[in-house]
Each structure stands twice: as structure tokens, then as C-alpha cells.
Amino acid sequence: MIGRLARWLPALALALAAGTVSAQNLTIGLSTPITTLDPHFHNLSPNNAMARHVFETLVRTDEAQRKLPGLAESWKALSDTEWEIKLRKGVKWHDGSEFTADDVIATFKRVPGVPNSPASFAVFVRQITSIDALDKHTLRLKTATAHPLLPSDLSSVLILPKSVAETAKTEDFNSGKAMIGTGPFRFAEYVAGDRVAFTRNDAYWGKKPHWAKVQFKMITSAPARVAALLAGDVQMIENVPTADIPKLKKDARVALSSAVSNRLIYLHMDSGRETNSPFVTTADGKPMEANPLRDPRVRRAISKMIDRDAIASRIMEGQSVPAGQLLAEQFFGTSQKLKAEKYDPAGAKKLLAEAGYPNGFGLTLHAPNNRYINDAAIAQAIAQFLTRNGIQTKLETMPSNVFFSRGSKLEFSFLLAGWGAESGDTSSPLRSLLGTYDRAAGMGAANRGRFSDAGLDALITTALTTIDDTKRGLMLAAASEKAIELMGLVPVHYEVSTWGTRKGLSYRARADQYTLAYDVVPAK
């Protein structure tokens, strides 16, 4: 008997070892395909999250978007326009070479010049007028004006080796050739539209991830994603469908984690064109020369026509928070005075009459149908609310790649979109969504309604150049109040993001909606 047991022990040890290896493999189901692995080509949340497995930023952010040392051990302002950054020593690139200040300088030079970028990262380095290496691990940066948001900007730029930054093209990242980072995982495979795979970087300078191998599968169908989780084909999914959350909460095979995100779902209206906005008509559908969307009273009336509580409870099934400003109240720079507007049909009708449109008019609402949680259903509900209250509203939805391309060309009069504040404060939506469009200055980059108000621009500019955190927070709140007073956009709700994991795993739900394999850990 003892002899047979002795013969089994090696086999048992091998089996246990195999089980251990298998237990260190992780497969995650993604809801949205990434569009590139180039970390500076397309500023899109799914792309940014994926790239963070291989590349790192100087400043990191945690699940609540608090700033932490990354490749920079420290940073400090020497004056209003000068910063000193101490880089982490002993960090190695995946090819074994040393990380130094020259890599950062080369990266910052590459960022504004990536050819054909549909959503550039240039805004994050635009304020930097010079960058010098004092030694291998110390940088001195100067900005054109006071720029207290520099640490936030540094949290959005992923650093490349100098040799890669100076030579690599976007296709070199997509092929894997240029995927040399300092991050916790090494690149293994990318099949566009299907999967991305990584292996653990055992030489990583920080806490090593639990997983030896990670594969991300792009499963855009929500029912298929949930089915894969329940079957154990994947160990984690993002964007759990709101309709499935009650059922999954009762399922012992899975665990859910949720967080109020930094993403605002909002309506932008064409307030730029004085006449002949392309999708504005009379109430009976005839061409209309005047553009009623330029009148703040009309924009306020639209806000009053929307029953946000009904959308949150019936369409989002509790997975959203009705919005009255640009970010949820727990974020920096928000106003305690701004609350979600209540459904008020009588008030809306009164405002339309005061604006000269007692019989309403016609609109078409354009929206994506595969980008945000329940986006098409939300747009349909809003169109119905408006039609019921005097603005005859048609609805046209489309894939997000088509939607954003057409929206950026100003082809729409009225659109539904979302904005995630990477900075974790209201400066991001204020300067990108509501600042007067100015490509050179980096303002209004996503202002597809071309809203413009000189007074608001002045408030934003003052806030962006105020070093004192307390004062800046108050100024950002004041700018938010002005933006909502003018209805530069109509806030709808803040998304609540939900991830599902197999039993025995846990995930720290993140405000930035990033799905990160290194934050998936065995449950304690």
C-alpha cells in the first residue's frame, strides 16, 4: 500500500502543479472591441485600459481616481510654471533596458504628432513648453501659464522607450513589434476584433499580478457575455447588462462589483449655427430656417421634458444616478447647489412659449447604439418624452464609430453622448465639452454642439490656472453652475458600472470604468 502511494505521489504533485498553473490563467469578456494597441493613437476608454497592462504613466490613479506615484516617484511645483519630477529608479523595460528621463522626453515629443489620430492625446502635453533632463531620473518641465492640472495630465500619457517613441508607427503596436513597456504584463497576442493576450512580467518593479496568463475576449453580445461567465468560459465580464443584475445577484456562481462612474450621459444641441440646423424642422416636418436650439430657454425646456427618475428606474434598473451637473457630487470641482432637474412638462411648455415656440418644432435625435449602457433605449425614451411634450422628435441610432465620425463633422442638430472625466474632476468636461472650440488651445475638443459663451470661457480659464486646490475647486464649481444655467448641455445621468466575476474572485470596481486584469484577485 505504501509502495502504491509512493508511486502516486509524483503524479499527484504534477496534477496539483497543473491545477495551480491553470488557476493562474484568467480570461475576461469585454463588451467593446479595442481599436488599437498604440497608446497614443485613439483616446478611448477601452484602448486606454488595455494599454495599461503593458505601459505605465508617470502618475497612476486608483479605483477612485486618486493620484499615486507611478513611473514618477514624486512631483512638485517649483513655481506657477515650473515642475520637477523625480523618476523611479531600477525600472526595466520588457527588453531589459533601463527606464530613464530620455524615454519620457521622447514620449512627450511623439504624442502630438501621431498621424491620423481620431482622438488625440495632445491636450495632455500641450501646456508643456520645455522638458529637460537634469540627470537620468530627474526632469524639469515648464508650462506656458500656471497649470495645476499637470499631474492629472501626466496620468493620461503612457510612457514608451525612446527607441520605440522615435520610430514606431501605429501598425507596429498592433503587430506587437512595439509593445515594449514597463508594466505588469508582457504582450503575447492581438487578433483585431477578437482577443488580446498577455503574460505576467515577472521582473515587474511593483506588486506582481496574480495571473501568469491573461486573455481578453471581445464579446459584444451582452447575453453571450453573461452566458460565457455562467458557463465558466470566462472568469470575468465587464458591463453586466442591467436586466441581468437582479438574477446574477442571487446566483452563487458569480459575484458582482459596482461603482458610480466618472461618465456623464448628456445631450448636446446645435447652438452654433444661427440658421438652418440640419435636423431642425417645423412641428409638421417642414424646413425651418430659425434654430431654436440657440435659445437657452429652449434648451432648459428640453431638460424639463426628461423624466430622469423614470430612465434610472425603468431603463437603467437602478444602475444610474440622475444628473444635474457634469460629474457626480463626490468628484472634485462639483457644486453642491446643482441637483438633477425634475420632470416638469408645464414648466417646459411655458419656456417654449416664452421663446416663441408655443406649438413646438421638430428634431431628430442621433445616438450610438453600442457605446454606452442601454444607449439606444435611453435615446428612444428621451425622444418619446420630447414628442409627448411638444417637440416632435425622430430617433436615429448607429454604431459608435459612425456616430462619432459624423458627430465630429457637425452633421447633427441634437445628439446623445457620454463623457468620462479622466482627470477625475470637472475640468475635463468643462474644457472639452463646453469650452469654445479652439483646436490650437485644446478647448472644446468634443464640443459637438459648438456651444460658446465668453463668460464661461473666462471662468474655465481662470480655474485651470489656479494653483490653490481649494480655490480651484470653488472656481470649477462656479463654472459648472454657469454652464448648467446656460444649458450648454443637458445632463441625463451618471452611469453605474458593474463587473461580474466567478465565485472566488473579486474586482475593485473603478470610477474610470477600466477593466484591469491586475486588479482581479482571489477573494479573501
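Residues numbered from 1 in each chain as written. Predicted model: local features only at pLDDT ≥ 70, side-chain atom pairs only at ≥ 80, totals over all residues. Heavy atoms only, no water.

All right, on to the overall build of the protein then. Looking only at helices and strands, the protein features 16 helices and 22 strands. At 25 Å, the protein has a C-alpha radius of gyration in line with the 24 Å of a compact globule built from 524 residues. Its C-alpha atoms put the protein at 95 × 60 × 40 Å along the principal axes. Burial status across the protein gives 55% buried among its 524 residues. Within the protein, contacts between residues separated by at least 24 positions form 69% of all contacts whose residues are at least 6 apart in sequence. (Helix = DSSP H or I, 4+ residues; strand = E, 2+ residues; numbered from the N terminus. Rg over C-alpha atoms; globule rule 2.2 N^0.38 Å. Buried < 20%, exposed > 50% of the residue type's maximum accessible area, 1.4 Å probe, protein only. Contact = heavy atoms within 4.5 Å.)

Pairing is antiparallel across the open sheet formed by 4 strands, whose spatial order is β5-β6-β8-β7. A single partner strand is all that each edge strand has here, and the edge strands are β5 (72-79) and β7 (128-135). Between one strand and the next, the sheet's axes are offset by a mean angle of 20 degrees, whatever the strand orientation. The pairing of strand β6 (residues 82-87) with strand β8 (residues 138-143) spans 5 bridges and is antiparallel. Residue pairing for β8: K86 is matched across the bridge by T138. Lying over the sheet, helix α3 (residues 101-110) contacts β6, β7 and β8, oriented at roughly 165 degrees with respect to β7. (Pairing = 2+ DSSP bridges. Axes fitted to C-alpha atoms, helices over the stretch in contact; angles between N-to-C directions.)

Excluding glycine, residues mostly have negative phi values, and the peptide bonds linking residues are mostly trans. In this structure, N239 is a non-glycine residue whose phi angle is positive, near 50 degrees. Tracing the backbone through its elements, the reader meets N239 in the loop between β13 (236-237) and α8 (245-249). Exposure remark for N239: the relative accessible area of 28% places this residue in the partly exposed category.

In this structure, G435 sits in the loop between α14 (427-434) and α15 (454-464). Expressed as a C-alpha distance, the spacing of G435 and L58, which sit 377 residues apart in the sequence, is 27 Å. For G435, the residues in contact, after removing those within four places along its chain, are L430, M443, G444, N447, F451, D457 and I460.

This next bit is on the pattern of salt bridges. All told, the structure shown has 27 salt bridges when counted by the stated rule. Each of R300, K304, E341 and D344 takes part in a single network of salt bridges with overlapping partners. (Salt bridge = Lys/Arg side-chain N within 4 Å of Asp/Glu carboxyl O.)

Pairing of strand β17 (residues 361-368) with strand β18 (residues 391-398), which is carried by 8 bridges, proceeds in the parallel orientation. Counted as the bridge partner of H366 is E396 from β18. Regarding topology, helix α12 (residues 375-388) serves as the crossover connection from β17 to the parallel β18, and that connection is right-handed. (Right-handed = clockwise from strand over helix to strand, strands pointing away.)

Attention shifts here to the nonpolar core. Residues L267, I302, I311, F361 and I382 are the most contacted members of the largest nonpolar core, which totals 71 residues. Broken down by element, the residue count for this core peaks at 6 residues, all from α12. Sequence-distant contacts of I311, defined by excluding residues within four places in its chain, comprise I306, M316, I378, A381, I382, F385, V492 and H493. Judged by nonpolar contacts, the second largest core, of 38 residues, contains L30, V54, L160 and V164. (Core = buried A, V, L, I, M, F, W, Y, C linked by side-chain atoms within 4.5 Å.)

For the rest of this paragraph, the subject is the packing of helix α10 (residues 308-315) against α12. The N-to-C vectors of α10 and α12 enclose an angle of 145 degrees; their axes lie 11 Å apart at closest approach. Crossing handedness for the pair α10 and α12: right-handed. Touching A310, I311 and I315 of α10 are A377, I378, A381, I382 and F385, all from α12. Tallied by class, residues from the contact of α10 with α12 come to 8 nonpolar, no polar and no charged. (Left-handed = near helix turned anticlockwise from the far one by under 90°. Nonpolar A, V, L, I, M, F, W, Y, C, P; charged D, E, K, R; others polar.)

Another point: α12. The terminal C-alpha atoms of α12 lie 20 Å apart, and with 14 residues this matches the ideal 20 Å at 1.5 Å per residue to within 8%. All of the buried residues along α12 are D375, I378, A379, A381, I382, A383, F385 and L386. In the stretch just after α12, G390 is the one whose phi turns positive, near 115 degrees. (Expected span 1.5 Å × (residues − 1).)

In this section: the pairing of β6. Alignment of β5 against β6, held across 6 bridges, turns out to be antiparallel. Note that in β6 the partner of S74 across the bridge is K86. Connecting β5 to the next strand, β6, in antiparallel fashion are 2 residues.

For the rest of this paragraph, the subject is helix α11 (residues 345-354). Every buried residue of α11 is accounted for by G347, A348, L351 and L352. The buried side chains of α11 occupy one side of the element, clustering within an arc of 135 degrees when seen end-on. Turned more than 90 degrees off the buried face of α11, the exposed positions are A346, K349 and K350. Each element contacted by the buried residues of α11 is listed here: α9 (296-304), β17 and β18. Where α11 terminates, the next one or two residues include G356, which has phi positive at roughly 95 degrees. (Arc of directions from axis to C-beta.)

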